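# Chains, contacts and geometry: an overview
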Amino acid sequence: MRYLLDKTNKVRQYSDSSLTVAYFLYWFAAAAFIPNLSMYYESSGYSGKQIGLLIGIPYLATSISSLSLGYLSDALRRPIWILRLCSIGFVSAIVLLSMAENLLMTAFACATYAISSAPINPILDGITLISLEDPSRYGRIRIGGSFGWGLGILGIGFLLTGWNHCAMFFVAGITSILFFMNSFFIPDKKTTDKPTRLNPNNIWRFIKRRTSLILLIANIVWGISESCITGYLFLHINELGGNSLTMSFSMATAILSEIVCFSFVDQLIKKSKLSTMVIYSYMLQFIRLCSLVLIKNPVLLVLFQFCGGASFALIWSASVAYINTHVEKELQAAGQALKSVSMSIGSSICVFSAGYLYEVSGTTSIYFWMALITLLALITGFYVKFRTKSKSAATQ
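Description of the structure in this document. Just so we're clear, the structure is a prediction, and the values are computed from it rather than from any experiment. (Residues numbered from 1 in each chain as written. Predicted model: local features only at pLDDT ≥ 70, side-chain atom pairs only at ≥ 80, totals over all residues. Heavy atoms only, no water.)

## Looking at helix H12 (residues 274–294)
Counted only if it meets this: Segments assigned H or I by DSSP are reported as helices when at least four residues long, segments assigned E as strands when at least two residues long, and all are numbered from the N terminus. Given the number of residues in a helix, its expected span is that number minus one, multiplied by 1.5 Å. Each residue gets one of three labels from its accessible area relative to the maximum for its type: buried under 20%, exposed over 50%, partly exposed in between, using a 1.4 Å probe on protein chains only.
For H12, built from 21 residues, the straight-helix expectation of 30 Å at 1.5 Å per residue is met to within 8% by its first-to-last C-alpha distance of 31 Å. Listed as buried for H12 are Thr276, Met277, Val278, Ile279, Ser281, Tyr282, Gln285, Arg288, Leu289, Ser291, Leu292 and Val293.

Here's what the structure looks like:
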């Protein structure tokens, strides 16, 4: 009996390790080039409106591909197959992007990497939640992605001080290949012998729930502000006189708080309401945006980015926990993709308009308007929470 228990524990640890490594490699590859794309586009001679277009295309493509491919992986009951297919597409897209020489080619490469990479994280989330006996331990697995993003940002920051932008594509490509190889160590959770027909109405019923709509809208608005921060942060620091190391440390600071938050997220989920976690996320995001508007010292600005990672970890974990509770296990990949879709919709709205604002008045005005939108959303969140609490008290 003890032998069987030991063997089960070893299999569980092996599964957890392969998933943690998968998150690490995927986010390391993403960190190697995505935050630096705006600088790369500007160095290639693109205008502010063109930069806004190129940054916005991936968000628009993500909103389509993450849900459709996530649903396909659920229907086939073999999400690992879709994960491997997407990782191959991700590697190909990075090669295309590094070779693009005009706006049309670059736009096509952006759409390709977005379509191939968008379903990866939702599929990983679905596999992780199915593999875990206690879903609240999700944060301890997902923390691998935080380490990957942080180390990727720092590593590329050092490389770009002595190399050109080709270095970021090289590192991203190699890491994506390692991600593909690691996918063969991830447990293949096939629940049935044959693909089954799923009812998409189950997803639609989930979306129509009042609490689901509120959560998805919260993700959309949060995506509006976050995309402008990540898409234009390095350009903003560059305007203030910062260098590539300052840019890297600004993102690494955010990742540090993300790691801390993901480490304790299982306790937060057990002790706090998910709606409270979302409100805390908005409060931290508002503080971060205010710092971007008011602080002109790029080094001091780095410290306030600590709010960013915690904000992401809170709203992401709350969304994962809510979807895991209210969506059938057979539709977890598609369900988890909804949070990515909602954030991507918000990001698309923001980035296309932010490109115009950047060209007309610079990055500070972008952050001013995003801070105002976040504040209005925060006030609305407090109002909805107060109304819900009052109605609950009245029914009792």
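## Focus on the packing of aromatic side chains
Filter applied, for reference: Any pair of Phe, Tyr and Trp rings, taking the six-membered ring for Trp, is counted once the centres come within 6.5 Å. Such a pair is stacked with planes under 30 degrees apart, edge-to-face with planes over 60 apart, and tilted for the rest.
Scanning the entire structure with this criterion turns up 17 aromatic pairs. With 6.0 Å between their ring centres and 50° between their planes, Tyr40 and Tyr41 make a pair best called tilted. Taken as a pair, Tyr40 and Tyr41 share a single burial class, namely buried. Ring plane angle 45° and centroid distance 5.8 Å describe the contact between Phe206 and Tyr322, whose orientation is recorded as tilted. Of this pair, Phe206 sits in helix H9 (residues 201–208) while Tyr322 sits in helix H14 (residues 306–326), placing them 116 residues apart in sequence. Accessibility assignment for this pair places Phe206 and Tyr322 in one class, buried. Each residue in the set Tyr26, Trp27, Phe33, Tyr40, Tyr41, Tyr46, Phe90, Tyr113, Trp149, Phe169 and Phe179 is aromatic and connected to the rest through ring pairs, giving one cluster.

## Observations concerning the packing of helix H4 (residues 79–99) against helix H8 (residues 166–182)
Short version of the rule: Where helices are involved, their axes are fitted lines through C-alpha atoms of the stretch in contact, as for all axes, and angles between N-to-C directions lie from 0 to 180°. Roughly parallel means an angle under 35 degrees; roughly antiparallel, over 145; roughly perpendicular, 65 to 115; everything else is oblique. Handedness of a crossing follows from how the near helix is turned relative to the far one, being left-handed for an anticlockwise turn of less than a right angle and right-handed for a clockwise one. The contact definition used throughout considers only heavy atoms, calling two residues in contact when any of these lie within 4.5 Å. For this classification, the nonpolar set comprises Ala, Val, Leu, Ile, Met, Phe, Trp, Tyr, Cys and Pro, the charged set comprises Asp, Glu, Lys and Arg, and every other residue, Gly included, is treated as polar.
The interhelical angle for the contact between H4 and H8, taken along N-to-C directions, is 165°, at an axis separation of 9 Å. The angle between H4 and H8 falls in the class roughly antiparallel. Regarding H4 and H8, the two cross each other, and that crossing is left-handed. Contact residues: Leu83, Arg84, Ser87, Ile88, Phe90, Val91, Ile94, Leu97 and Ser98 in H4; Phe169, Ala172, Gly173, Ser176, Ile177, Phe179 and Phe180 in H8. Residues that form the contact of H4 with H8 fall into these classes: 11 nonpolar, 4 polar and 1 charged.

## Things to note about the environment of Gly148
Residue position: Gly148 is located in helix H7 (residues 138–160). C-alpha of Gly148 to C-alpha of Tyr23: the two residues are 125 residues apart in sequence and 7.4 Å apart in space.

## Some remarks on the nonpolar core
Definition in use: Nonpolar cores are built from buried Ala, Val, Leu, Ile, Met, Phe, Trp, Tyr and Cys residues. Side-chain atoms within 4.5 Å join them into one set.
In this structure, Phe33, Leu37, Tyr41, Leu97 and Leu124 are the most contacted members of the largest nonpolar core, which totals 107 residues. With 13 residues, helix H10 (residues 210–239) is the single largest residue contributor to this core. Sequence-distant contacts of Tyr41, that is, excluding residues within four places in its chain, are made with Tyr46, Ile51, Leu54, Ile55, Leu97, Thr106 and Cys110.

## Regarding the side chain of Thr106
Rules: Under the rule applied, a polar contact is a pair of N or O atoms within 3.5 Å (in protein, one hydrogen donor and one hydrogen acceptor; residues adjacent in sequence only if both atoms are side-chain atoms).
Residue position: Thr106 is located in helix H5 (residues 103–117). Its relative accessible area of 3% is what places Thr106 among the buried residues. Looking at Thr106, its side chain comes within polar contact range of the main-chain oxygen of Asn102, at 2.8 Å. Those residues in contact with Thr106 that sit more than four places away from it in its chain are Tyr41, Tyr46, Leu54, Leu97 and Ala100.

## Quick notes on the packing of H9 against H10
Relative orientation of the contacting elements H9 and H10 amounts to 80°, with a least axis distance of 5 Å. Here H9 lies roughly perpendicular to H10, going by the angle between them. Residue-level inspection shows Phe206, Ile207 and Lys208 of H9 in contact with H10, the latter providing Arg210, Ser212, Leu213 and Leu216. Counted by class, the contact of H9 with H10 contains 4 nonpolar, 1 polar and 2 charged residues.

## A short note on the pattern of salt bridges
The test is simple: One side-chain nitrogen of Lys or Arg within 4 Å of one carboxyl oxygen of Asp or Glu is enough to make a salt bridge.
Taken as a whole, this structure holds 3 salt bridges when the rule is applied. For Glu258, the salt bridge goes to Arg142, with nearest N and O atoms at 3.9 Å. With Glu258 in helix H11 (residues 244–271) and Arg142 in helix H7, the pair connects residues that are 116 residues apart, well separated along the chain. Across the pair Glu226 and Arg288 runs a salt bridge, and its minimum N-O distance is 3.2 Å. Of this pair, Glu226 sits in helix H10 while Arg288 sits in helix H12, and the two are 62 residues apart along the sequence.

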